[in-house]
Amino acid sequence: MSNDTATAEAAGPAEAAPPVAEPIPHGLGVSLPPADARAKTEGTFPYAADLWAEGLLWAAVLRSPHPHARIVSIDTTHAREMPGVRAVVTHEDVPGAVLHGRGRADRPVFASEVVRHHGEPLAAVAADHPDTARMAAAAVIVEYEVLDPVIDPEQAFEAEPLHPDGNLIRHIPLHHGDPDAAGEIVVEGLYRIGRQDPAPIGAEAGLAVPRPDGGVELYLASTDPHGDRDAAAECYGLTPEQVKIVVTGVPGATADREDQGFQLPLGLLALKTGCPVKLTATREESFLGHAHRHPTLLRYRHHADAEGRVVKVEAQILLDAGAYADTSSDALAAAVAFACGPYVVPNAFIEGWAVRTNNPPSGHVRGEGAMQVCAAYEAQMDKIAKKLGLDPAEVRLRNVLATGDVLPTGQSVTCPAPVAELLQAVRDFPLPALPKDTPEDEWLLPGGPEGAGEPGAVRRGVGYGIGMVHMLGAEGADEVSTATVKVQDGVATVLCAAVETGQGFTTLARQIVQDTLGVDDVQVAPVDTDQPPAGAGCRGRHTWVSGGAVERAAKMVRTQLLQPLAHQFGMSTELLQIADGKITSYDGVLSTTVAEALDGKELWATAQCRPHPTEPLDATGQGDAFVGMAFCAIRAVVDVDIEIGSVRVVELAVAQDVGRVLNPAQLTARIEAGVTQGVGIALTENLRTPRGLIRHPDLTGYALPTALDTPDIRIVKLVEERDVVAPFGAKAVSAVPVVASPAAVASAVRAATGRPVNRLPIRPQAAVVTAT
């Protein structure tokens, strides 16, 4: 025992030292929790459905019960005469542009002559009570001449035009290489992908408030506020300055979740009544209104040599756009460009079409175009492996592309493309243990506890899916975002119109400013259209362009902060660094805190980020159409009851090309969410539309995967090879697991059953093996 210890014991027990506060993590590369996590957990987060205003009226929309009909007459007399009804609007009350649309303005605000899909808006009502509004909408009398709907996209080529613009939205022929090239083996397949609904957590809701200047303010969960503002202004016959959109809390979004056919009547009613008007859609109205994933028909023929190397790919891809164009042109471009997948294909001849039908409208949903073709080309790779008697993973490894290879569009892959490394990582990851045939493990069977299945009928399968997606817009889209960073009194504020849709932008913006300026307290201002535009929240845009704009603005403020100190000590700002809230020089002469350097100053800067330009695909499908690409490999392990066709996904092993991990917890959550969404596409999610009518438009009839359906998701490798042209070197992470996981599950079911599995979602009968 030392003398110091003896003295301390003799003096009696000392007072406990105060606990040392753990430093709060900040900056890039750490798992900074979301700023709104507590509010969402406690139920105090302000969603659009929670909004209120003095003198509020309630709105309801009348929608068509038919997928195709000629409108003979619309009589609003009874609705207008009902007590409590303040306004009824139809196509006759639209003061400005009568057509709107995200990709192409071809959709009427209200149908006037023809109804082209089930649920198309015909009229809207504002009343003192929501029940009154709904009853008044139902009291609008519409006389229809019902027409036969065109529901088969193949029939759309020969059918009478459903729209003044015709039935063909876009045709892309891609020609690459030698059309006479042939392989020693040929495999063919016909594949069908069903209609997936984005199924947002909260249905659409909004509030419109008229302004004294004759304009209107819309409070919406918009994912593209400036685009929605411009569409609304044209519809209302106003200037963009007279329409303001304030973004309220977005209750999760994996697509263009806000239906403009829902937004536009809201503002019309507010302008007509001079009162605030609120509209909260039912879940049925949400299913009827917003865009869905494109159902797709795909025909493929692969030529390969005796070693399994692909020689030529021939494909036909047909996208069902539904009644209106929306973003179908973009989806088709992705489908055609990525029709061969992340494989080296010296010769490719692809024909792609997007056509109008009387089915519900299709539009942007995570991985649009790329997801559909991934399911098909991965099935083709399985067929090559089976025909040659090779391991499916090995066949893929012999064909994967790498940085420097050329896509069938003629574009060189200049970004990191570690596809082989990703596939090897999931292939070599240990397989999960087989379930024991005991009563305690019955829940592991595909049928679940007390299910109909028998353990002896269960077969295990292992399959692979490799996906690729493009980031940002394509084919000449002007991708730009603007951000402002202000620092005052030790608090930094970020102003950027990038909407937080669940992708974590607000958290990322805080981390960027913390990392650049050494300021812990960073606030992100609410989004509205008074700020410069930042574009839509999709395809990893905000991580790239909005995050890049925030970084540039923060660096400009950093220079303003450091210049006086650098001048004082006769050095350049490059010789000063900021870390842990301190400013130090390279030689240690200068050492001060960020707070001392600020000393009451107000600093601010505004910056833009605009990636390098792209170009449209030409008449043969050639062109540098994409800014960057991301890749993912997934190995699926499934158990299939081959007697009843039930499937349980046991495990999904994921390896992904992420560029750089900016927030580990957030990145993991995004990958897991994408994989789970892909499981739904593979097994359960199919919005059925017999004769163009949406059947069971609710979350009972539409089977979303739940926590009990989610398999073990093992993220076995994250490849951090930075993309030098992207801010921070990071890549989008949400979409590519959605693209790869359905293909992997289907591949595993094929391995378990020996059946072709050429349709998603997988029907039970497709997994049944008949005894011979």
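The rules behind these values
Residues numbered from 1 in each chain as written. Predicted model: local features only at pLDDT ≥ 70, side-chain atom pairs only at ≥ 80, totals over all residues. Heavy atoms only, no water. Helix = DSSP H or I, 4+ residues; strand = E, 2+ residues; numbered from the N terminus. Rg over C-alpha atoms; globule rule 2.2 N^0.38 Å. Buried < 20%, exposed > 50% of the residue type's maximum accessible area, 1.4 Å probe, protein only. Contact = heavy atoms within 4.5 Å. Areas by Shrake-Rupley, 256 points an atom, 1.4 Å probe, with all protein chains shown as cover. Lys, Arg positive; Asp, Glu negative; His and termini not counted. Charge placed at Lys NZ, Arg CZ, Asp CG, Glu CD. Salt bridge = Lys/Arg side-chain N within 4 Å of Asp/Glu carboxyl O. Pairing = 2+ DSSP bridges. Axes fitted to C-alpha atoms, helices over the stretch in contact; angles between N-to-C directions. Expected span 1.5 Å × (residues − 1). Right-handed = clockwise from strand over helix to strand, strands pointing away. Core = buried A, V, L, I, M, F, W, Y, C linked by side-chain atoms within 4.5 Å. Parallel < 35°, antiparallel > 145°, perpendicular 65-115°, else oblique. Left-handed = near helix turned anticlockwise from the far one by under 90°. Nonpolar A, V, L, I, M, F, W, Y, C, P; charged D, E, K, R; others polar. Disulfide = S-S within 2.5 Å.

**Q** With reference to specific residues and values, describe the overall build of the protein chain.
**A** Helix and strand counts for the protein chain stand at 16 helices and 29 strands. Taking 28 Å as the expected radius of gyration for a compact globule of 772 residues, we find that the protein chain reaches 28 Å, a close match to that expectation. With the principal axes as the frame, the protein chain shows a C-alpha extent of 95 × 75 × 60 Å. Burial analysis of the protein chain (772 residues in total) assigns 58% to the buried set. Contacts in the protein chain between residues far apart in sequence, at least 24 positions, make up 80% of those at least 6 positions apart. Approximately 30,900 Å² of the protein chain is accessible, and the part contributed by carbon and sulfur atoms is 52%. Of the charged side chains in the protein chain, 62 are positive and 97 negative; the average position of the first set lies 3 Å away from that of the second.

**Q** Let's hear about the environment of Ala-665: which residues, and what values?
**A** Take Ala-665: it is sitting in helix α15 (residues 664–683). Classification of Ala-665 by relative accessible area gives partly exposed; the value is 44%. With 636 residues separating them along the chain, Ala-665 and Gly-29 place their C-alpha atoms 9.8 Å apart.

**Q** Which residues make up the pattern of salt bridges, and what are the values?
**A** Under the defined criterion, the tally for this structure stands at 34 salt bridges. The salt bridge partner of Asp-213 is Arg-211, with a shortest N-O separation of 3.0 Å. With relative accessibility at 45%, the residue Asp-213 sits in the partly exposed group. Close ionic contact of Asp-639 with Arg-648 constitutes a salt bridge, the shortest N to O distance being 3.6 Å. On the basis of relative accessibility, which here comes to 2%, the residue Asp-639 falls in the buried class. Bridged by salt links that share partners, the residues Glu-188, Arg-301, Lys-312 and Glu-314 form one connected network.

**Q** Please set out the sheet that holds strand β11 (residues 205–210) residue by residue, giving values where relevant.
**A** With mixed pairing, seven strands are arranged side by side in an open sheet as β3-β7-β1-β14-β11-β12-β13. If you trace the sheet from one side to the other, it starts and ends with β3 (85–89) and β13 (243–247), each paired once. For this sheet the average axis-to-axis angle between neighbouring strands, irrespective of direction, equals 20°. Pairing between strand β1 (residues 57–63) and strand β14 (residues 277–280): two bridges, direction parallel. Paired with Trp-58 across the two strands is Lys-278, which belongs to β14. Packed on one face of the sheet, helix α5 (residues 225–236) meets β12 (216–220) and β13 and runs near 145° to β13.

**Q** Mind laying out helix α13 (residues 541–568), listing which residues take part and the relevant values?
**A** In this model, α13 (28 residues) spans 40 Å end to end at C-alpha, consistent with the 40 Å of a helix rising 1.5 Å per residue. Positive phi shows up at Gly-570, right after α13, with a value of about 65°.

**Q** A description of the pairing of strand β27 (residues 647–657) should follow, citing residues and the corresponding values.
**A** Of all 11 residues in β27, 11 are buried; the element is thus mostly enclosed. As judged from the nine bridges shared by strand β26 (residues 626–641) and β27, these two strands associate in the antiparallel manner. For Cys-632, the partnering residue across the bridge sits in β27 and is Gln-656. A loop of five residues connects β26 with β27, the two strands running antiparallel in sequence, and Gly-645 in this loop sits at a positive phi of about 80°. Pairing geometry for β27 and strand β28 (residues 712–719), over seven bridges, is parallel. Bridging across to β28, Leu-652 finds its partner in Ile-713. In the classification by handedness, the crossover that spans β27, the intervening α15 and the parallel β28 is right-handed.

**Q** An account of the nonpolar core is needed here, citing residue identities and associated values.
**A** Soluble globular proteins tend to bury their nonpolar side chains together. Core analysis: the largest hydrophobic core is formed by 114 residues, its most contacted members being Tyr-300, Ile-317, Phe-338, Ile-350, Phe-631, Val-745 and Val-749. Sort the elements by how many residues they give to this core and helix α16 (residues 735–753) lands first, with 12 residues. Those residues in contact with Val-749 that lie beyond four places of it in its chain are Val-638, Val-640, Val-647, Gly-754, Val-757, Ile-762 and Ala-767. The next biggest cluster of nonpolar side chains, apart from the first, holds 47 residues, and it includes Val-485, Ala-549, Leu-576 and Ala-605.

**Q** Tell me about the environment of Gln-511, and name the residues and values.
**A** Note that Gln-511 resides in helix α12 (residues 505–517). Along the sequence, Gln-511 and Leu-28 sit 483 residues apart, while their C-alpha atoms lie 5.3 Å from each other. When residues no more than four places from it in sequence are discounted, the contact partners of Gln-511 are Gly-27, Leu-28, Gly-29, Val-30, Leu-32, Leu-662 and Asn-663.

**Q** Let's hear about the side chain of His-100: which residues, and what values?
**A** Checked against the element boundaries, His-100 lands in strand β4 (residues 99–100). Apart from the residues within four sequence positions on either side, His-100 is in contact with Ala-105, Asp-106, Arg-107, Pro-108, Val-109, Gln-260, Gly-261 and Leu-264.

**Q** Can you break down the sheet that holds β27 residue by residue, with the values?
**A** What the four strands build is an open sheet, ordered β18-β26-β27-β28; its pairing is mixed. Each edge of the sheet is formed by a strand with only one pairing partner; in this case those strands are β18 (458–474) and β28. Across this sheet, the average inter-strand angle for adjacent strands is 20°, counted without regard to direction. With respect to the sheet, α16 is in contact with β18, β26 and β27, its orientation differing from that of β18 by roughly 155°.

**Q** Explain the packing of α15 against α16 to me, and be specific about the residues and the numbers.
**A** Two elements in contact, α15 and α16, have axes whose closest approach is 7 Å; the angle formed by their N-to-C orientations is 45°. In terms of orientation, α15 lies oblique with respect to α16. Crossing handedness for the pair α15 and α16: right-handed. Contacts from Ile-671, Gly-674, Val-675, Gln-677, Gly-678, Val-679, Ile-681, Ala-682 and Leu-683 in α15 reach Pro-737, Val-738, Ser-741, Pro-742 and Val-745 in α16. The residue makeup of the contact of α15 with α16, split by class, is 10 nonpolar, four polar and no charged.

**Q** An account of unusual backbone geometry is requested, with residue identities and associated values reported.
**A** Here Leu-760 and Pro-761 are connected by a cis peptide whose omega angle stands at -5°. Relative to the helices and strands, Pro-761 is located in the segment after β29 (759–760). In this structure, Glu-475 takes a positive phi of about 55° despite not being glycine. In this fold, Glu-475 is placed in the loop between β18 and β19 (481–488). The phi torsion at His-696 lies on the positive side, around 55°, for a residue other than glycine. Secondary-structure assignment places His-696 in the loop between α15 and β28.

**Q** Describe the state of the cysteines, listing the residues and the values that go with them.
**A** On inspection of all chains with the given rule, the structure shows zero disulfides. The thiol of Cys-340 is unpaired, and the distance to the nearest cysteine sulfur, on Cys-374, comes to 12 Å. Residue Cys-340 is classed as buried on the basis of its relative accessible area, which comes to 4%.

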